[in-house]
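Observations on the three-dimensional arrangement
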Amino acid sequence: AIRRSQRPVKPEPEPKLRGNAAKKAAAAKHLSTDAIGTPQPLSLLLKLSPLVNELALYDVVNTPGVAADLSHISSNAKTTGYLPANDGAKAAFKDADIIIIPAGIPRKPGMSRDDLFNINAGIVKGLIEVAAEVAPKAFILVISNPVNSTVPISAEVLKAKGVFNAQRLFGVTTLDIVRAETFVAEIAGKSNPQELTVPVIGGHSGETIVPLFSKVTPSVKIPDDKYDALVNRVQFGGDEVVKAKDGAGSATLSMAYAGYRFAEKLLKAAAGVKGLVEPSYVYLPGVPGGKEIAEKTGVDFFSVPIELGPNGAEKAVDIIGDITDKEKKLLDTAVTGLKGNIKKGVDFAHNPP
Ligand code: LMR
């Protein structure tokens, strides 16, 4: 959990943090069987952020040690670690401005993200229940897989508790964008991938991931003979890492970067910086501009570029109006997969085993 800092934000567009905009910014909460996975590098990045005043770590093991270690870094954030004893999750989440959830188990080779559902769904549900109780206004960033289902679970839990605000619940799909930037830059011969904006929409798993290369800015030419392989690499980039780690888990460092990148943008936007947009997997009907996109696609949970601001998701940007025929095909396949993933999450939230 993080409390936001009130220090001015450097560059980005320009504006400064509003004086009283920030208190507790994000909570790097985790519950993980892999304590050195995403949570530690994510916590390190958050600890280094001048936007974070307080960083509260929660896990079933190791957080006091990790917090003590981080606390020696001479940056702004006060860092604390909590374990399940003494209602640790509640203490860590209490009044957080942002709660980031990378909880759960990672994939092994041969597994899909959906194979993690049985374990991770219950973990995420439990954490969201705590968040609903002690930090009902927090921005919640869900990293735990399968994101396509854990975000619908989170929404249903928050609804049941009467505190759901779709503008404040985000499935983190940033790693797909980060990968797309990297892979497109390689093919297009760009030396700085971060100068590219590569929209990736849909979900966060295999064929539900839809890169829109026709919408890259500044525009790039993807040779026809490289298109399919590039789409495949963005869709299955996670598998590439799972395979390379050979049983030791999935992406953790690039995921930590992605989670941090999204959290940092949200913190800046919440503090008044304008013009910040990043795709995220949201409940479209609850986000301004999203209802029409949900009607077009036929799914309520979907990742599109989101304009971020003090209320969180200020606007869902409709980017699917004039996509190419190839992209339309990718979109259709994605929607079919997403429908099943979303239903599975919603059903679980209503009838947990
Ligand atoms: C990723 O995209 O790398 C993560 O979702 C982890 C995974 O299971 O692939």
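In the block above lies the structure referred to throughout.
Residues numbered from 1 in each chain as written. Predicted model: local features only at pLDDT ≥ 70, side-chain atom pairs only at ≥ 80, totals over all residues.

A few points about the site of the ligand
Worth spelling out the cut-off: The criterion for a residue being near a molecule or strand is a backbone-placed C-beta atom within 6 Å of that molecule or strand. Classification convention: Asp, Glu, Lys, Arg as charged; Ala, Val, Leu, Ile, Met, Phe, Trp, Tyr, Cys, Pro as nonpolar; all other residues, Gly among them, as polar.
The full set of residues close to the ligand is R107, R113, N145, L175, G238, V241, V242, S250, A251 and M255. Its residues assigned to classes, the shell around the ligand comprises five nonpolar, three polar and two charged.

As for helix α6 (residues 174-188)
Selection rule: Helical segments are the DSSP runs of H or I of at least four residues, strand segments are the runs of E of at least two, and each set is numbered from the N terminus. To estimate the expected span of a helix, count its residues, drop one, and scale the result by 1.5 Å. Using C-beta atoms placed from the backbone, we call a residue buried if 20 or more other C-beta atoms fall within 10 Å of its own, exposed if 12 or fewer do, and partly exposed for counts in between. Residues are defined as contacting one another if the C-beta atoms placed from their backbone atoms lie within 7 Å.
For α6, with 15 residues, the first-to-last C-alpha span of 21 Å sits near the 21 Å given by 1.5 Å per residue. Those residues of α6 that sit buried are T174, L175, D176, I177, V178, R179, A180, E181, F183 and V184. At its buried positions, α6 is contacted by β8 (200-202), β9 (209-211), α7 (224-235), α8 (237-245), α9 (253-270) and β10 (277-283). One or two steps after α6, the chain reaches G189, where phi turns positive at roughly 65°.

Let's talk about the pairing of strand β6 (residues 139-142)
Applied cut-off: Think of it like this: strands point away, you trace from the first strand over the helix to the second, and a clockwise trace means the crossover is right-handed. Any two strands with at least two DSSP-identified bridges between them are counted as paired.
Neither face of β6 is open: one carries F139 and L141, the other I140 and V142, and all of them are buried. In this fold, the crossover linking strand β5 (residues 98-101) to β6 by way of helix α4 (residues 117-134) has right-handed handedness. Inspection of the sheet shows β6 paired to strand β7 (residues 169-171) by three bridges, in the parallel sense. In the sheet register, L141 faces β7, and the bridge partner there is F170. In this region the chain leaves β6, passes through helix α5 (residues 147-160) and returns to the parallel neighbour β7; the handedness of that crossover is right-handed.

Here's the deal with unusual backbone geometry
Here the amide bond leading from N145 into P146 is cis, since omega sits at 0°, within 30 degrees of zero. Within the secondary structure, P146 is located in the loop between β6 and α5. That bond from T217 to P218 is cis: its omega, -15°, falls within 30 degrees of zero. Summarising the element assignment, P218 is placed in the loop between β9 and α7.

Side note on the environment of A155
Topologically, A155 is positioned in helix α5. Through-space distance from the C-alpha of A155 to that of V346 is 8.5 Å; in sequence the pair is 191 residues apart. Setting aside its immediate chain neighbours within four residues, A155 contacts F164, L169 and Y283.

Some words on the pairing of strand β4 (residues 78-82)
The buried count for β4 comes to four of five residues, which makes it a mostly enclosed element. One crossover worth recording links strand β3 (residues 52-58) to the parallel β4 by way of helix α2 (residues 63-71), and it is right-handed.

Considerations on the packing of α4 against α5
Spelled out, the test is: To define axes, lines are fitted to C-alpha atoms, for helices over the stretch in contact only, and angles between the resulting N-to-C directions are given on a 0 to 180 degree scale. Each helix crossing is assigned a hand: it is left-handed if the near helix lies turned anticlockwise from the far helix by less than a right angle, otherwise right-handed if that turn is clockwise.
Interhelical geometry of α4 versus α5 gives an angle of 35° and a closest axis separation of 9 Å. The element α4 and its partner α5 pack so that their crossing is right-handed. Here F117, N120, A121, V124, K125, I128, E129 and A132 of α4 come into contact with α5, specifically with S149, T150, I153, S154, V157 and L158.

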